[in-house]
Amino acid sequence: MPSGLKRDLGLPETFAIAVGAMIGSGIFVLPGVAWVLADAAAVLGFVIAAILVLPAALAVAEMSTAIPEDGGPYLYVERSMGPLLGTIAGVGTWLMLSLKSALALVGGVPYLLYVSETLAEFVTLIAVVLAIFFTVINLVSAEGSGKLQFGLVGVLVAILAAYVFAGAPQIEATRVEGAFSPAVGGSALLEATAIVFISYAGLTKVGAVAEEVKDPGRNLPLAIGSALAFVALVYAVVVYVTIGVLDIPAAIDGTTEAILTSEGEGAIIALAAEELLGGFGSVFALAIVVAALMALASTANAGILAASRFPMAMARDGVFPSKLEEVSARYATPVYAVALTGTVLVVLVAVFPIQQVAAFGSAFQILVFIILNVALIGFREGAVQEYDPAFETPLYPWMPLFGITGGVIVLAYTGLVAVVGAVGIAVLAGVWYFAYVRYYQGGIDREGVARAQVRESVGGSATDRTRELFESRQEYDVLVAITEDTPDRARRDMLRIALDLGRLRSTVVSVVEFYDEPDHILPSRRSRVQSTELPDWFPDDPEDAPEWFPADALGGDPRTSGGEPVAATLEDSKTSDAQVDYRRIVSEDHKEAIVDFATFEEIDLIITGRHTDNGIAGLLGASETAWLQQNAPCDVALVEDRGLEDVERVAVASRGGGPYDPVKILLADAIAEEAGAEIVLVRAIPEDAAESRRETAERYHNELTRICTVPVRSRVLETDDAVEGMARFAADADLLVVGSGPVGVEARFRGSAADDLVEAVDCTAVMVQTYEGRQRGLLERLIRDYLF
């Protein structure tokens, strides 16, 4: 995509951006915070954080060579996992980088106090001036900003090297005892690790300027890998020397206590330099103060440079207003995005205490690093042809899985406030997406490869389960549950459906009439078999049997009596392989008797009539249908009978919420085969759904076509009113098979969307609820609906 941006950042500038972004507040502000939490083990906290960041660093290196465009985490997550998560990652990282830049500017307060208390009184003004200065630098030239960054980092590293060489001989072993021992820090070590995690946020900044890096396939992995290794080494050595040289408890109890308590444990490096060389009068101590201020300035500069590319990248995709993607013809920089970022930085300066800002930033940064590892897996497993990175993460998939696991563990130790703050940022980003992108802009016609791949996987798994159900040789037990309210035609039609299953697999059909008697007649609350004689409506005579019932299977006199159930065995393998047992059971409550019978007999499927007891009765749990759906130990098929004569078309409908349950396909195929009918698979997807979602649905339908034994047609409807769209299409069907959906409060009171669809058509409908589907939690159902 031509953008007008220049590729003028070489390896030194790119390396400097990463190092400068990490080494600023991380080395001059956070070591004191980490020491307060974990004592000498703070050194190990920095090392552990680097190890946990490594998988995300490798992921960024790989994805940035495959997609060398500005945008960093937003771009990778959006392309891998879709615009919603991409927006959360992009907006959140943009705000996090702005917060970190504000932290860098505010973090200079303890060091300014060493220069002049008068200057410290104007810290907010100085921070604002610096923010404006660096914003102007970034407006004028990314190359100029990169070269300034390289110069700042070079001077900083030289001063820190001198500091380490001067301090190493004076380290007292007792002060650094346990610096690399996890046992010393305990759980506090993980808290310290979580706090200093933000020190490595510079890695995401490098990916954010990928479009302006020369030879990105070579320079990006080199810059990211070398910067992480270098900075981790600098952190460990500098913090180790500082703790070993400085008697921190004594320093805190001395004249600098006010500084540490009011501004955070920030000036620890300057305190160590003062301890080394005998006071502030030393030129070297002054150099440390200057180095700290330069480091914090470089962090702010790199933060503006990288953070401003997030609004630009999001504006390209319609997530932010299009004005933010404009690039200045004169300066070749995204002027509006830089100006917006600079403005946000000025507003954020000096708003939060240092540790709180670091905790907020660390929590969200950990979350972003976790998502980056997931995004890498999405790209790899998605098998995207356009994804061709010049660098590949080693030890895949163990490396990103390690990063995800470690990130989740450390995230738990950032503290409740920090996690809530990070979640709050994510929620705000999500609100922006739905309010601006979905409703104002009309959405983005693209989805992430990970979501598409998961949908393919879900569809493939459903296809396999459907095939297994069709090919299974295990006996399938079906209960046709009849009550006093069931009309004769409905009884015959339900039996017909059960017998049709015998055409596809060996089936035992238990036809049971359930009757209620008052409490005083059956005080023990036990059911009893009253009769085993076949009822008048049962087609026991070949001349009386309807066309669908295999008459030659009813030879002899099926009416017998005694304690055993009557059995009519259907032996014609060309028509149906089913054994029919009949019982008549009397109980106090036929609903409970149905569930008890199904449990005792290990029934696989209950076929019974549908009752529409909604309103107050349904809400209070008095609905017979809802009660059976919630308590049945197996799958349930609810029949709304309007006749099953001359079936030519069977519609199997789904309004999303995952693939078709295999039982729905089995029932539809069995009935269609007996009647010589065809099946029409009808699926409704949102009007703004990505094209890949339609393509996946079509492929899924094609796979089901190969499994079914009758002709199958596919129809994918793009509509936001699924019920109306499917009802219109199913109007000429002779039978509708649909999932019943979850039985929640709303469904009990007014009926579910499936109920609305059944009421909207004129044909017989079968609502299927599987036992497996009922066990799914709310979150799983939402994910299935979001994905499929």
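Residues numbered from 1 in each chain as written. Predicted model: local features only at pLDDT ≥ 70, side-chain atom pairs only at ≥ 80, totals over all residues. Heavy atoms only, no water.

> Pulling in residues and values, what's your account of the overall build of the chain?
Counting secondary structure elements, the chain contains 34 helices and twelve strands. Counting the 788 residues in the chain, one finds 59% classified as buried. Considering only contacts within the chain whose residues lie at least 6 apart along the sequence, 83% involve residues at least 24 apart. Looking at the chain as shown, the accessible area adds up to about 30,900 Å², and 56% of this sits on carbon and sulfur atoms. (Helix = DSSP H or I, 4+ residues; strand = E, 2+ residues; numbered from the N terminus. Buried < 20%, exposed > 50% of the residue type's maximum accessible area, 1.4 Å probe, protein only. Contact = heavy atoms within 4.5 Å. Areas by Shrake-Rupley, 256 points an atom, 1.4 Å probe, with all protein chains shown as cover.)

> Before we move on, could you go through the pairing of strand 9 (residues 678-685) and cite the residues and values that matter?
Of all the eight residues making up strand 9, seven are buried; the element is thus mostly covered by neighbouring parts of the structure. Summarising the sheet, strand 8 (residues 649-654) and strand 9 pair through six bridges and their orientation is parallel. Paired with Val652 across the two strands is Leu681, which belongs to strand 9. Direction of pairing for strand 9 relative to strand 10 (residues 712-718): parallel, over a ladder of seven bridges. (Pairing = 2+ DSSP bridges.)

> Tell me about helix 30 (residues 722-729), residues and numbers included.
For helix 30, the tally of buried residues reaches six of eight residues, placing the bulk of the element in the interior. Those residues of helix 30 lying buried are Ala722, Val723, Gly725, Met726, Ala727 and Phe729. Of the surrounding elements, those touching the buried residues of helix 30 are strand 8, strand 9, strand 10 and helix 32 (753-760).

> Before we move on, can you summarise the pairing of strand 12 (residues 764-769) with the specific residues and values?
Where burial is concerned, most of strand 12 is hidden: six out of the six residues are buried. Burial of the side chains of strand 12 extends over both faces: Thr764, Val766 and Val768 are buried on one face and Ala765, Met767 and Gln769 on the other. Pairing between strand 7 (residues 635-640) and strand 12: five bridges, direction antiparallel. What sits directly across from Val636, in strand 12, is Gln769.

> Lay out a nonpolar patch on the surface with the relevant residues and their values.
There is a patch of nonpolar side chains on the surface, built from Leu395, Trp398 and Leu401 and spanning about 370 Å² of accessible area. Mapped onto the fold, Trp398 is located in helix 21 (residues 398-411). On the basis of relative accessible area, Trp398 is assigned to the exposed category, the value being 63%. (Patch = residues over 30% accessible without salt bridge, like charges linked within 9 Å, V, L, I, M, F, W, Y side chains within 5 Å. Salt bridge = Lys/Arg side-chain N within 4 Å of Asp/Glu carboxyl O.)

> Please provide a residue-by-residue account of the confidence of the model for the chain, values included.
Per-residue confidence for the chain averages 74 on the pLDDT scale, and 70% of its residues sit at or above 70. The secondary structure element of the chain with the lowest average pLDDT is helix 15 (residues 257-263), at 38, and the one with the highest is strand 6 (residues 605-609), at 92. Low confidence marks residues 254-265, where pLDDT is under 50. Its contacts with residues over four positions away, or in another chain, come to 21 contacts. Taken as a whole, residues 744-750 scores under 50 in pLDDT and shows 19 contacts with residues more than four places along the chain or in a different chain. (pLDDT = per-residue confidence, 0-100.)

> Just give me the short version of the nonpolar core, but keep the residues and values in it.
Met63, Tyr200 and Ile243 are the most contacted members of the largest nonpolar core, which totals 116 residues. Looking at this core element by element, the count peaks at 15 residues for helix 3 (residues 42-66). Membership of the second largest hydrophobic core comes to 48 residues, among which are Leu495, Val580, Tyr582 and Ala670. (Core = buried A, V, L, I, M, F, W, Y, C linked by side-chain atoms within 4.5 Å.)

> Residues and numbers for helix 32, please.
Along an α-helix, residues three or four apart share an orientation, since each turn contains 3.6 residues. Taken together, the buried positions of helix 32 are occupied by Ala754, Asp755, Leu757 and Val758. Each buried residue of helix 32 lies within a common arc of 160° when the element is viewed along its axis, so the set occupies one face. Contact partners of the buried residues in helix 32: strand 7, strand 8, helix 30, strand 11 (735-739) and strand 12. (Arc of directions from axis to C-beta.)

> Could you give an account of the pattern of salt bridges, naming the residues involved and the relevant values?
One side chain can pair with another of opposite charge once the charged atoms of both are near each other. Going through the model one piece at a time under the given rule, you end up with 20 salt bridges. With a closest N to O distance of 3.3 Å, Glu678 and Arg649 form a salt bridge. Of this pair, Glu678 sits in strand 9 while Arg649 is found in strand 8, placing the two residues 29 residues apart along the sequence. Note that Glu724 is salt-bridged to Arg728, the shortest N-O span being 3.9 Å. Of the two residues, Glu724 and Arg728 are both situated in helix 30; the distance of four residues between them amounts to about one turn of the helix. One network of salt bridges, with partners in common, ties together Asp464, Arg467, Glu703 and Arg706.

> Explain the packing of helix 24 (residues 488-501) against helix 28 (residues 662-675) to me, and be specific about the residues and the numbers.
Taken N-terminus to C-terminus, the directions of helix 24 and helix 28 make an angle of 95°; their axes are 8 Å apart at the nearest point. With respect to each other, helix 24 and helix 28 are oriented roughly perpendicular. Two secondary-structure elements touch here, helix 24 through Arg496, Ile497, Asp500 and Leu501 and helix 28 through Leu666, Leu667, Ala670, Ile671, Glu674 and Ala675. Taken together, the residues of the contact of helix 24 with helix 28 sort by class into seven nonpolar, no polar and three charged. (Axes fitted to C-alpha atoms, helices over the stretch in contact; angles between N-to-C directions. Parallel < 35°, antiparallel > 145°, perpendicular 65-115°, else oblique. Nonpolar A, V, L, I, M, F, W, Y, C, P; charged D, E, K, R; others polar.)

> Tell me about the packing of aromatic side chains, residues and numbers included.
Centre-to-centre distance and the angle between the planes together describe a pair of aromatic rings. What the rule picks out here adds up to nine aromatic pairs. For the pair Phe46 and Tyr235, a centre-to-centre distance of 5.1 Å together with 50° between the ring planes defines the contact as tilted. Taken together, the residues span a long stretch of sequence, with Phe46 in helix 3 and Tyr235 in helix 13 (residues 216-245) at a distance of 189 residues. Both rings, one in Tyr200 and one in Tyr235, keep their centres 5.4 Å apart while their planes meet at 80°; by these two values the pair is edge-to-face. Within this pair, whereas Tyr200 is found in the loop between helix 11 (187-196) and helix 12 (202-208), its partner Tyr235 is found in helix 13, the two being separated by 35 residues in sequence. Among the aromatic residues, those joined into a cluster by ring pairs are Trp94, Phe320, Trp432 and Tyr436. It is Lys591 that lies over the ring of Trp627; its NZ or CZ is 5.8 Å from the centre. (Phe/Tyr/Trp six-rings, centres within 6.5 Å; stacked < 30°, edge-to-face > 60°. Lys NZ or Arg CZ within 6 Å of the ring centre and 35° of its normal.)

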